[in-house]
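So you can see what is in the structure, the chains are spelled out below.
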Amino acid sequence: MELSKKRERELSRLSDDAGDLWQKQRDLLARASEVLRDAGRHAGDIGRDELYPKAKSSLQHAVAPALEKVRRHKPQPEPESKMGAGAFALMAIGAATVAVVGYAIWSTLRADEDLWVEADDA
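All values reported here derive from a predicted model rather than from experimental measurement.

**Q** What is the right way to look at the pattern of salt bridges in this model?
**A** Here the idea is simple: oppositely charged side chains can pair when their charged atoms come close. Across all of its chains, the model carries 5 salt bridges by this definition. The shortest N-O distance in the salt bridge between Arg 41 and Asp 45 comes to 4.0 Å. Note that Arg 41 and Asp 45 are positioned in helix H1 (residues 5–73) at a spacing of 4 residues, about one turn of the helix. A relative accessible area of 24% means that Asp 45 is categorised as partly exposed. With a shortest N-O distance of 2.5 Å, Arg 48 and Asp 45 are connected by a salt bridge. One end of the pair is Arg 48 and the other is Asp 45, both in helix H1 and 3 residues apart, which spans about a single turn. Since its relative accessible area comes to 51%, Arg 48 is described here as exposed. What emerges from the salt-bridge pattern is a single network uniting Asp 38, Arg 41, Asp 45 and Arg 48.

Criteria and thresholds
Residues numbered from 1 in each chain as written. Predicted model: local features only at pLDDT ≥ 70, side-chain atom pairs only at ≥ 80, totals over all residues. Heavy atoms only, no water. Salt bridge = Lys/Arg side-chain N within 4 Å of Asp/Glu carboxyl O. Helix = DSSP H or I, 4+ residues; strand = E, 2+ residues; numbered from the N terminus. Buried < 20%, exposed > 50% of the residue type's maximum accessible area, 1.4 Å probe, protein only.

Following this line, the structure appears as structure tokens:
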């Protein structure tokens, strides 16, 4: 089936536009992965430098005396786990940070509905 020159130009332009859009989306996803990687690194830094020392201090000053009283009344075997409550708090904060960044990326990518060109049926 032969196409008119006008239709060929339109299809060529549409093909070029689709290629440009594809490249922009690949660039956007590459940038989003960089942002997500940086966010994870920053979350780890904040947790290690600020949250973990505060959680450890809180545990030593508030929870440790109460646990000591309980241990005096009821002896318990030593826990085998090396991770404390601060580590679990840091993991929860890191997971929440990753979820927030992921949601921001998802909401950015789903807002591209206006970029699609609908075919004219007429």
